[in-house]
Amino acid sequence: MTRVTDTRPVGWWTVQCSYFDAERCLSCTWMGRPYAAQLAAKQDLVADLLAEHAGLDWLPPVASREEGFRNKAKMVVAGTVDAPTLGILDAAGAGVDLQSCGLYPDGLQAVFPVLAAFVTRARIEPYDVPARRGELKHLLVTQSADGDLMVRFVLRSQEAVTRIRKHLPWLHEQLPALVVASVNLLPEHKAVLEGSREIVLTDEQTLRMRVNGLDLHLRPQSFFQTNTDVAAALYRQAAAWVEESSPASVWDLYCGVGGFALHVADPARDVVGVETSAEAVASAALTARDAGLVRTTFLADDATGFALAADAAPDLVVVNPPRRGIGPDLAGWLERSGVERVVYSSCHARSLARDLAAMPSLRPVRGRLLDMFPQTTHYEVVTLLERA
Ligand SMILES: C[S@@+](CC[C@H](N)C(=O)[O-])C[C@H]1O[C@@H](n2cnc3c(N)ncnc32)[C@H](O)[C@@H]1O
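As the structure is a prediction and not an experimental result, all values here were calculated from the model.

The rules behind each value
- Each chain carries its own residue numbering, running from 1 in the direction its sequence is written.
- Residues qualify for local features only when their pLDDT is at least 70, as the model is predicted, and side-chain atom pairs are given and counted only at 80 or more; totals for whole chains, interfaces and linings, by contrast, use all residues.
- Values shown for side chains rest on all heavy atoms present in the structure; no hydrogens or waters enter the calculation.
- Each helix is a run of DSSP H or I of at least 4 residues and each strand a run of E of at least 2, with the numbering of both proceeding from the N terminus.
- Relative accessible area decides the class of each residue, using a 1.4 Å probe on protein chains only: under 20% of the type maximum gives buried, over 50% gives exposed, and in between gives partly exposed.
- The axes used here are C-alpha line fits, helices contributing only the stretch in contact, and every angle between their N-to-C directions lies in the interval 0 to 180 degrees.
- Roughly parallel means an angle under 35 degrees; roughly antiparallel means over 145; roughly perpendicular covers 65 to 115; every other angle is labelled oblique.
- Handedness of a crossing follows from how the near helix is turned relative to the far one, being left-handed for an anticlockwise turn of less than a right angle and right-handed for a clockwise one.
- It only takes one pair of heavy atoms within 4.5 Å for two residues to be counted as in contact.
- Any two strands with at least two DSSP bridges between them are considered paired.
- The cutoff for a nearby residue is simple: one of its non-hydrogen atoms must lie within 4 Å of the molecule or strand.
- What qualifies as a polar contact is a pair of N or O atoms within 3.5 Å, subject to a donor-acceptor requirement within protein and to the restriction that residues adjacent in sequence count only when both atoms come from side chains.
- Residue exposure ignores everything except the shown protein chains as possible cover, and the areas themselves are Shrake-Rupley values with a 1.4 Å probe.
- Here the term charged refers only to Asp, Glu, Lys and Arg, the term nonpolar to Ala, Val, Leu, Ile, Met, Phe, Trp, Tyr, Cys and Pro, and the term polar to all other amino acids, Gly among them.

> How should unusual backbone geometry be read in this particular structure?
Negative phi values dominate among residues other than glycine, just as trans dominates among peptide bonds. Of note, E23 is a non-glycine position whose phi angle comes to about 60°, a positive value. As for its position among the elements, E23 is in the loop between α1 (18-21) and α2 (35-49). We note that Y254 has phi near 65°; this positive angle belongs to a residue other than glycine. Among the secondary structure elements, Y254 is positioned in the loop between β13 (249-253) and α7 (259-264). A relative accessible area of 16% means that Y254 is categorised as buried.

This is the structure we're talking about:
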């Protein structure tokens, strides 16, 4: 991406993407809109969606870097073993190479040519979607704020695993920041990013993602917020709201690797994180253990099932569900529970609005938009709910 500058103030410039201009990739649907206009439009959209909540005060939106903000690349691999493409597929299923995509920081962009060379060196046949032939489907690459790397090869079968192991020392030489390398197996021909089986190839299994001075551990198959800087602002905002009422007990439902729970952890507070991914739970538990937080625990469970089966409700609940929201059963439980305060962080304001309608006793009093995804219509919104 390049910045198109003119005499307007910062935020009213636009970034320009050659892939977008050439219509090779149109994923960034707001490409070309000045960033300040994007932020204002998102704020208007979320305020409209939650307009019926009259007592809701909006804090100023949290802006992102416009470029180079993604910590994770999900590259579809196509082409040939000698000339692989890393990027997306076109409508016919052919590879479109996006190695210079400006959403990735320079450090992450620099990794892609090395990975392409590795594909050639280890003779890993890219998967051909229309022909249903080949091995390597995706390369999933995460970079921590310190520059450390996790690289995951999503393969159709184990055919290439021995060769990947054999050439791994070369990859380490080329990428000294490589900490975790793994193979994920996705034998089925289906449009998902990864399968359920992971083979870790390195001694190290976790990538340290430093956020607000806290080392969160990220293992393969665990969710991490896409935009580390904005995630840091999100956790700070949620923690500030939690501390206002000094709750003795907090649940972090849909906790992932424990970002919210670990930001509100305190030796004098019971904190429980609940999450379906066992890998994410193990990562979160490791961070708590390293920090000596004996009253902060994590469970692999369904958030709704956990809440419905609990003997007692905590003082405060944080929820950060996937796009579908928390759904009627958990919303109904929160409504009846007597929990005084809820912090609800959502990446899909429509499902947030629907869930709020199912919890009329819990009123949103403060809200903040956090722009995790510049150049697109997507954003994160966090709200503080208080029992009326
Ligand atoms: C938007 S992510 C939030 C992760 C975490 N709060 C963070 O800040 O990184 C949603 C998380 O919910 C988890 N999840 C999905 N369905 C779930 C369920 N039914 N019960 C508990 N966790 C679930 C996913 O694995 C994912 O880690």
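> Teacher, can you tell me more about the packing of helix α4 (residues 111-121) against helix α5 (residues 161-174) here?
Two measures define how a pair of helices packs: the angle their axes make with one another and the distance between the axes. Running from N to C, α4 and α5 point in directions that differ by 150°, and their axes come no closer than 10 Å. Relative to α5, the element α4 lies roughly antiparallel. For the pair α4 and α5, the crossing hand works out as right-handed. Across from V114, L115, A117, F118 and R121 in α4, the residues of α5 making contact are I164, H167, L168, W170, L171 and Q174.

> Is there a simple way to think about the sheet that holds strand β8 (residues 149-155) in this case?
Sheets are built from strands that pair by backbone hydrogen bonding, the pairs being arranged parallel or antiparallel. As summarised here, the arrangement of the 7 strands in space is β6-β5-β4-β7-β8-β9-β10, forming an open sheet in which the pairing is mixed. In this open sheet, the two strands that pair with only one neighbour each are β6 (95-97) and β10 (197-200). On average, each strand axis in the sheet is tilted by 40° relative to the strand beside it, whichever way the strands run. As judged from the 7 bridges shared by β8 and strand β9 (residues 178-185), these two strands associate in the parallel manner. Following the sheet pairing, L155 is matched in β9 by L185. Contacts from α4 reach β4 (72-79), β5 (84-89), β7 (136-143) and β8, with the element oriented near 115° to β5. Against the sheet, α5 makes contact with β8, β9 and β10, and its axis sits at roughly 165° relative to β9, the strand it touches most.

> What is the right way to read the site of the ligand from this model?
Looking at the ligand, there are 16 residues lining it, with Y235, Y254, E275, D302 and N320 nearest. Between an oxygen atom of the ligand and a side-chain N or O atom of Q225, the distance comes to 2.9 Å. Contacts to the ligand include N320, whose side-chain N or O atom sits 2.8 Å from a nitrogen atom. Contact with the protein chains removes 89% of the 600 Å² of surface that the ligand exposes when unbound. Split into classes, the residues belonging to the shell around the ligand amount to 8 nonpolar, 4 polar and 4 charged.

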